[in-house]
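Examination of the molecular architecture
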Amino acid sequence: MHPIDWAIVVGYLTWVIYDGLKRSQDTDAIEGYFLARRSLPWWAVGLSVMATQMSAITLVGTTGQGYKDGMRFVQFYFGLPVAMIILSVTLVPFFYRAKVFTAYEYLERRFDQKTRALAGLLFLVSRGLAVGVIVSAPAVVLSIVLGWSLVFTALAIGVPTTLYTMFGGVQAVTWTDVKQMVVIIGGVLATVAFLILGLPTGVGLGEVLHVAGSTGRLTTIDFSLDLTETYTFWSGLLGGLFLMLGYFGCDQSQVQRYLTAQSVDAGRRALLMSAFSKIPLQALILLTGVLVFTFYLFNEPPMLFNAVHESQVRAGTRATEYAGLETQFHQAFEQRREAAHRMMAARRNGNVAGMTDTRATFTASQQRVADIRRSAVRLVQEVSGDTAYDDVNYVFPTFITTRLPIGLVGLLIAAVLAAAMSSIAAELNALSATTVIDFYRRHLKPGASDRHYLLVSKLSTAFWGIFAMVFALYAANLGSLIEVVNRVGSYFYGSLLGVFVLAIAARRATANGAFWGLLAGMVVVGLVEVTTDISFIWYNVVGTVSVVVVGMAISLLQPAPAG
Amino acid sequence: MRRGGSRFRGPLIVRRFQDGILPDDMTQPTGGPSGSQRIIDTRGDASFSSTYAAVVVIEVVVLAALWFFSRYFSG
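Given the structure is predicted, the values throughout are model-derived calculations rather than measurements. (Residues numbered from 1 in each chain as written. Chains lettered and ligands numbered in written order. Predicted model: local features only at pLDDT ≥ 70, side-chain atom pairs only at ≥ 80, totals over all residues. Heavy atoms only, no water.)

**Points about helix α2 (residues 49-74) of chain B**
- For α2 of chain B, spanning 26 residues, the distance from its first C-alpha to its last is 37 Å, which sits close to the expected 38 Å at 1.5 Å a residue.
- Those residues of α2 of chain B that sit buried are Tyr 52, Val 55, Glu 59, Val 62, Leu 63, Leu 66, Ser 70, Phe 73 and Ser 74 of chain B.
- Along its buried surface, α2 of chain B packs onto α5 (80-89), α10 (205-214), α11 (233-250), α13 (264-298) and α16 (352-384) of chain A. (Helix = DSSP H or I, 4+ residues; strand = E, 2+ residues; numbered from the N terminus. Expected span 1.5 Å × (residues − 1). Buried < 20%, exposed > 50% of the residue type's maximum accessible area, 1.4 Å probe, protein only. Contact = heavy atoms within 4.5 Å.)

**Some thoughts on the nonpolar core**
Residue and element names in this part refer to chain A.
- Counting 192 residues, the largest nonpolar core has Tyr 12, Phe 34, Phe 95, Phe 111, Phe 248, Leu 417 and Phe 500 as the members making the most contacts within it.
- Non-local contacts of Phe 34, meaning those with residues more than four positions away in its chain, are made with Phe 101, Val 170, Gln 256, Thr 260, Asn 429, Ser 432, Ala 433, Val 436, Ile 437 and Ser 457.
- Counting residues in hydrophobic clusters, the runner-up holds 14 residues, among them Phe 329, Ala 332, Ile 372 and Val 380. (Core = buried A, V, L, I, M, F, W, Y, C linked by side-chain atoms within 4.5 Å.)

**Considering the pattern of salt bridges**
Residue and element names in this part refer to chain A.
- Throughout the structure, instances matching the rule amount to 20 salt bridges over all chains.
- Note that Arg 38 and Glu 31 form a salt bridge whose closest N and O atoms lie 3.4 Å from each other.
- Its relative accessible area of 11% is what places Arg 38 among the buried residues.
- Across the salt bridge formed by Arg 337 and Glu 334, the nearest N and O atoms sit 2.8 Å from each other. Of this pair, Arg 337 and Glu 334 both sit in helix α15 (residues 319-348), three residues apart, which is roughly one turn of the helix.
- Of the residues examined, Glu 334 reaches a relative accessible area of 31% and is grouped as partly exposed. (Salt bridge = Lys/Arg side-chain N within 4 Å of Asp/Glu carboxyl O.)

**Remarks on the domain arrangement of chain A**
- Taken domain by domain, chain A holds domain 1 (3-296 + 399-467), domain 2 (311-388) and domain 3 (491-563).
- Relative placement of domain 2 of chain A and domain 3 of chain A: their C-alpha centres are 48 Å apart. (Domains from an automatic or database assignment.)

**Some points on the packing of aromatic side chains**
All names here are of chain A.
- Evaluation of the coordinates by the stated rule reveals 42 aromatic pairs over all chains.
- Taking 5.1 Å as the distance between ring centres and 85 degrees as the angle between the ring planes, the aromatic pair formed by Phe 73 and Tyr 231 counts as edge-to-face. Taken as a pair, Phe 73 in the loop between α4 (56-68) and α5 and Tyr 231 in the loop between α10 and α11 lie far apart in primary sequence, 158 residues in all.
- For Phe 73, a relative accessible area of 9% translates into the label buried.
- For Tyr 231, a relative accessible area of 17% puts it in the buried group.
- One aromatic cluster is present, built from ring pairs that chain together Tyr 67, Phe 194, Phe 293, Phe 295, Tyr 296, Phe 305, Phe 396 and Phe 399.
- Over the face of the ring belonging to Phe 293 we find Arg 217, whose NZ or CZ atom lies 3.8 Å from the ring centre. (Phe/Tyr/Trp six-rings, centres within 6.5 Å; stacked < 30°, edge-to-face > 60°. Lys NZ or Arg CZ within 6 Å of the ring centre and 35° of its normal.)

**Concerning unusual backbone geometry**
Residue and element names in this part refer to chain A.
- Positive phi values are uncommon outside glycine, yet Ala 36 reaches one of about 55 degrees.
- Given a relative accessible area of 1%, Ala 36 falls into the buried group.
- Despite not being glycine, Arg 38 has its phi angle at roughly 50 degrees, a positive value.
- Looking at the element boundaries, Arg 38 is found in the loop between α2 (30-35) and α3 (42-53).

See the structure below:
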């Protein structure tokens, strides 16, 4: 990286730490530390909600997905706006007026201590591991792309975030989130501008989009009813609805965001900000990935985007085979570039027959490029023994560091760091809140002073920050573990949503019904995963329905709750 | 205004929230920290009806735009 880019990255990190630590002046009590004394404006909370959801995995992975598969991933978010309306009507006023610190605290009021403890424990286990992955995933990618050591990269992400979250509490989390969202959106828009302005002379944006469209990359809606397919209109609308209800309604890292708002209405507005903007924003990020694809139509891309794996193969016994693939790749790229130019020329000239022919030639040449890349990936898998290897997450960072001009590289690296830090900070604050409010204050030391809880909260944040960094280094070498962590999340959201449905919508539901229903829901999701091929997005529906059915069945066998 | 007869009031669960008729056993503590106040309070809901409608309308418009975008450039 150029010194100017380094200066931008270091300046960004310094600014974030300074700004976060500055907020510690307003955090002298536990309500201020976790809830900002319910004083934050809706727009700041709204941006924080969005920043929390957008991790570095989202930013880097989504652009990579746009490059490789196109925009179909946008369907994943189709259920989000309706979920936000439902939550605005139900859980936002519910939690806000209950004056709770955590979502799980409410479960004790409605059911009993064991249901609260189980829900809190599930959150701590699943999100505690997930925050390690949120540190690990970008650290692995950035360390390879930038040539930094993994430990240094994980520390560069984790230490500043832990520091400002520990001392500044939720105020620091929220206000740095606001600035980080500006950096992220600014970085994405600057990249889009660079990609559009960098098109070859005489080539228009519409023309390259037609070329990208011929490969299916601009397909945004798929109405198929295939339950094994993750990204369809129906899975996004229904499965996504349950997923988003679970995530925004039952995950403390999001619930805590809107509990900091000035009023119930401010909390609602904060969520509705995502309802209005999430799908367009996600479409923009995916389109950025598609535009990177169009950029590489005219500028030869590396055959593989992970340089470390590539050099591993080059240094091994199958280097000749790899070199042969590279020669084929270069020829295939030239043919594809030529075919893209011909296709655009035919469209420009209004040559309808030519358009059909050139389109067929282009898609064949694109297929050839994709086949050679697939062979190279397979070769890496065989040489490295990493059967899950896929370089989709390396596409965008490699593009940033090798193609963007000085200054923009620094801004985009800062944007990736911002995306990682904003999610991590919210998770750390939420993990600390659940640890202290749902366990320490409830079970270990009830009735202590506010000052004591504040100290324990800061120590708890530090603990989770250190845990995340240590686990990140461990997780970096265990690809399958990352998958396990993500699956635990899928078990968790749907089942927990089911418990909250029982809590607020079924007056006949009992504490035992909720507790055993929650366990049963997770078991059912596990069975569905083992015995069927349906996409994980449907697990949330399965979990919610199972908890409600089992929970109500058990409740009906018991005496009705008093009251 | 909140009880406006012509206003769409949604399915049962939404009406229960709007009317604040959830029973006290759902809003009272059962052994944990105190929280005896009524927590279903719908003040402000009415002013959001148009915002909720706008969310739905804009989602439909965005999905339609995505569909046309996809059809136009993929065709």
